[in-house]
Amino acid sequence: DMIEEFRSVIADPFVINFINYSGISTNDFIRYEGNPGWFLSREKSRDFLREYEKKIQQKNQYTGEAITYRQTISSQAHRLAACIDEEDLSKYEPVRLR
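Criteria and cut-off values
- Residues numbered from 1 in each chain as written.
- Predicted model: local features only at pLDDT ≥ 70, side-chain atom pairs only at ≥ 80, totals over all residues.
- Heavy atoms only, no water.
- Helix = DSSP H or I, 4+ residues; strand = E, 2+ residues; numbered from the N terminus.
- Phe/Tyr/Trp six-rings, centres within 6.5 Å; stacked < 30°, edge-to-face > 60°.
- Buried < 20%, exposed > 50% of the residue type's maximum accessible area, 1.4 Å probe, protein only.
- Axes fitted to C-alpha atoms, helices over the stretch in contact; angles between N-to-C directions.
- Parallel < 35°, antiparallel > 145°, perpendicular 65-115°, else oblique.
- Left-handed = near helix turned anticlockwise from the far one by under 90°.
- Contact = heavy atoms within 4.5 Å.

Although it is not a glycine, Glu87 sits at a positive phi angle of roughly 55°. With respect to the secondary-structure elements, Glu87 resides in the segment after α3 (69-86).

Turning our attention to the packing of aromatic side chains. One pass over the structure, following the stated rule, counts five aromatic pairs. Between Phe14 and Phe48, the ring centres sit 5.0 Å apart and the planes meet at 70°, which makes this aromatic pair edge-to-face. In this pair, Phe14 is assigned in helix α1 (residues 4-21) and Phe48 in helix α2 (residues 42-56), connecting sequence segments 34 residues apart. Owing to a relative accessible area of 9%, Phe14 belongs among the buried residues under this scheme. You can call Phe48 partly exposed: its relative accessible area is 25%. With centroids separated by 5.1 Å and ring planes inclined at 85°, the aromatic side chains of Phe18 and Phe48 adopt a geometry described as edge-to-face. Remark: Phe48 occurs in helix α2 and Phe18 occurs in helix α1; sequence separation between them is 30 residues.

Considering the arrangement of structural elements, one finds Ile19 in helix α1. Placed 29 residues apart in sequence, Ile19 and Phe48 show a C-alpha to C-alpha distance of 9.5 Å.

In contact at an axis separation of 11 Å, α1 and α2 are set at 140° when each is read in the N-to-C sense. Judged on the interaxial angle alone, α2 and α1 are oblique. You can see that α1 and α2 cross each other, and the crossing is right-handed. The segment α1 lies against α2, with Val9, Ile10, Phe14, Val15 and Phe18 engaging Lys44, Asp47, Phe48, Glu51, Tyr52, Lys55 and Ile56.

In structure tokens, the structure reads:
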């Protein structure tokens, strides 16, 4: 699962920081009639997506060049697709994250 390459560097720290520093509270969650579970309010969802966009546009050096996380993920997706097309997954090399 390609997401695992990025979970510990992008997803997990982003969500934890958002929860810790966004001022999120129980009032930011709502329920919709007929739907199980709780959902972020529209306003807090906008805040979440705005902050996510900032994170995904940050540059990193994981590929040896300064490119954004979005570009890194896209590049890996293209590499994986090429390996699947060629039916040789041994050519796929995960990004080495710290």
